Amino acid sequence: DSTEHGADFLLLDLYFSDGADPAKNSRDGAIEPYLIYRHAFRISAWTGRNYGFGPVADTTFVAGVDLNYKNTAYNPHKKLLVAGPEFEFAVAKGYLKAAFLVTDEYDHNGIVGRSEDFNPAWALETSWALPFAVGAAAASFEGYLNIYGPKGRDDFGHETRTEVLFHPRVIFDLGQAFGRPGVVWGGFGYEYWLNKFGADHHVVPGSIQSTGL
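Cut-offs used in this document
- Residues numbered from 1 in each chain as written.
- Predicted model: local features only at pLDDT ≥ 70, side-chain atom pairs only at ≥ 80, totals over all residues.
- Heavy atoms only, no water.
- 1 Å grid on protein atoms, 1.4 Å probe; cavity = no way out; pocket = protein on both sides within 12 Å on 5 of 7 lines; lining within 4 Å.
- Points joined across faces, edges and corners; volume = space filled by probe spheres on them.
- Helix = DSSP H or I, 4+ residues; strand = E, 2+ residues; numbered from the N terminus.
- Nonpolar A, V, L, I, M, F, W, Y, C, P; charged D, E, K, R; others polar.

Enquirer: Explain the layout of surface pockets here, please?
Expert: Gaps between atoms show up when a probe of the same size as a water molecule is rolled over them. Considering only enclosed or pocket space, the largest pocket measures out at about 860 Å³ in volume. Breaking the lining of the largest pocket down by element, the ones donating at least two residues are β2 (6–16), β6 (95–109) and β12 (208–212). Broken down by class, the residue content of the lining of the largest pocket amounts to 17 nonpolar, ten polar and ten charged. Lining the second largest pocket are 25 residues, with Phe9, Glu86, Tyr95, Lys97 and Ser127 sitting closest to its centre. Elements with a contribution of two residues or more to the lining of the second largest pocket: β2, β3 (31–41), β4 (56–68), β5 (79–89), β6, β8 (121–134) and β9 (137–148). Taken together, the residues of the lining of the second largest pocket sort by class into twelve nonpolar, five polar and eight charged.

Enquirer: What am I meant to see in empty space enclosed by the protein here?
Expert: Enumeration over the complete set of coordinates arrives at two cavities of 30 Å³ or more. In this structure, the largest cavity spans a volume of roughly 80 Å³. Around the largest cavity, the lining residues are Lys78, Leu80, Thr103, Glu105, Asn119, Ala121, Tyr148, Gly149, Lys151, Arg161, Glu163 and Gly198. Taken as a whole, the second largest cavity spans an internal volume of roughly 40 Å³. Lining the second largest cavity are Phe9, Tyr95, Ser127, Trp128, Glu142, Gly143, Tyr144 and Arg169. Secondary structure elements with two or more residues in the lining of the second largest cavity: β8 and β9. Take the lining of the second largest cavity: its biggest share by element is three residues, from β9.

Rendered as structure tokens:
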């Protein structure tokens, strides 16, 4: 959602694991809701001055939060706070954005039974929505690529690693077939999550994720 003074991004994913990633005290797969919220403050709307340069059409300031819960033995309750500048690139249609952020993360480690307070870290978050057409059908290539730097040691004493979350998708305007263009969209995508929560995937089972959407 976008207005003259800023824009909001809200995403809620619900993940269902198989038995290789079980829920606590169960052979069934775990369930994990994951929420991402970002708000971009459009500085130019408040100052009357554009902050674009080169291929950048404008610069905004972004702040937001990630929240998650997963019913495994680890029992994470992730709370990630982010803030920093975001650059909006000039594209013919849609949008392409990249934000350079400072992060501060808190979590819960059910194995050792206490909260985790990580070091502040850097992050790069990119997002895009690039419309195109397949014949007369409207479509869009959308998604995000987020990279989060190491954030110190976890409660097991392991050094955290750089985390990568890649989520591209192609969606089509299904509403066109019913005379309601832009109302209903559907398509397919892919998600790749390397070193999930900063855990080294060579050491911690379940910290690499690859799935179709």
